Amino acid sequence: MRPLANRQKNNTALQPLSRDLDFSDNALTAILFGDLNKNLQTVEQCCGVTIHVRGNGVHITGLGHEVDLAAELLEQFYGLIRKGLKVFSSDFAFGLRVLEANPHARLDKIFLDKVYITTKNRIISPKTGNQKTYIDAIRTNDIVFGIGPAGTGKTYLAVAMAVSALTNGQVRSIILARPAVEAGEKLGFLPGDLAQKVNPYLRPLYDALSDMLGPEKSAALIEQGIIEIAPLAFMRGRTLSNAFIILDEAQNTTREQMKMFLTRIGFDSQAVITGDVTQVDLPVPKQSGLLEARQLLQSLEGSAFCPFTQADVVRHPLVQKIITAYEKKQESGVIASEPNATISKIIKKSA
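Caption draft 1: Spatial organisation of the environment of alanine 243. Counting through the fold element by element, alanine 243 comes out in strand β9 (residues 243–247). Residue classification places alanine 243 among the buried positions, given a relative accessible area of 0%. For the pair alanine 243 and isoleucine 175, spaced 68 residues apart in sequence, the C-alpha separation works out to 6.8 Å. If sequence neighbours within four positions are ignored, alanine 243 has contacts with Val171, Ser173, Ile175, Asp268, Ser269 and Gln270.

Caption draft 2: Representation of the packing of aromatic side chains in the model. Summed over all chains, the structure comprises six aromatic pairs. Judged by centre distance (5.4 Å) and plane angle (65°), the rings of phenylalanine 77 and phenylalanine 111 are edge-to-face. Residue phenylalanine 77 is located in helix α3 (residues 64–82), and its partner phenylalanine 111 is located in helix α5 (residues 108–111); the two are separated by 34 residues in the primary sequence. Judged by relative accessible area, which is 0%, phenylalanine 77 ranks as buried. In this structure phenylalanine 111 comes out as buried when scored by relative accessible area, which is 0%.

Caption draft 3: Structural view of the pattern of salt bridges. Taken as a whole and assessed by the stated rule, the structure comprises 12 salt bridges. The closest approach of N and O atoms between aspartate 20 and arginine 54, which form a salt bridge, is 3.8 Å. With aspartate 20 in strand β1 (residues 16–22) and arginine 54 in strand β2 (residues 50–54), this residue pair connects regions lying 34 residues apart in the sequence. For aspartate 108, the salt bridge identified is with lysine 83, shortest N-O distance 3.6 Å.

Rules behind the numbers
Residues numbered from 1 in each chain as written. Predicted model: local features only at pLDDT ≥ 70, side-chain atom pairs only at ≥ 80, totals over all residues. Heavy atoms only, no water. Helix = DSSP H or I, 4+ residues; strand = E, 2+ residues; numbered from the N terminus. Buried < 20%, exposed > 50% of the residue type's maximum accessible area, 1.4 Å probe, protein only. Contact = heavy atoms within 4.5 Å. Phe/Tyr/Trp six-rings, centres within 6.5 Å; stacked < 30°, edge-to-face > 60°. Salt bridge = Lys/Arg side-chain N within 4 Å of Asp/Glu carboxyl O.

Quick look at the structure:
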């Protein structure tokens, strides 16, 4: 995002200005500032201001409009943190875009859209504009595709919406499916019964459930069959009614698997399909069913496609930079731009 100093403003907004803000709670202030003041650094870069920390307060200097915007951003986020929001540096960049578009906007209407409250009393809510669009799409469509890079909250938010629907009595069960495809390496024979064999592939879904419901409650619901976690291969021949169904890592489905999954959906059910088309692990020459579904179903009424970008990454800040680096490498033509491309194509592009 380019600094606001490069944009046209009235004469008053272009006058130098300084403001002091003080925050009363030590713990909340530490969260607001971020580790090593990283959140403040993000505000400085985005707004084009200089921020000096003074105990529990800050001294902001810069041009009038930028200083006012930075102050408004920090004050609103302090209020959000007080209400239980866990913030990331990327949230400040998104919040700034909202305030630029509407200086009177209330960020709590976006960031405190309570999808679910975990057993630890942590609020799960959208962190970016695309996440908010994704949540709204799930609320209003029977089939939603969330497509984008790792760390953008596609699966986690879908599981949160599923748990919320189950808790509110909108559905009777949650079904979480995932293709059992290894990511670039062969694990060989896995010991144990069928459930133990497929467990490594489904670990991310178990982790999300445990984080929201707690290990004991999630295990109890799985044992009762209210929550079912299964490989995609187990879906054939079934009709899934009155359920919230999530297909994770859908980029690793074949064309036949994707068609089979989409035709399992029964009455009073909804499905969320998540995947990253840049991380296809299918062997050549098999093509991703997610890519074909995106081409065939874009205009299907009752369905929605929600794209995510590296700007939506809410993991460690380095994850966003890693994704950007790989995307730049793909654009240069050194790495194949299409998933699971043949070696010959890669060589041709490198030549």
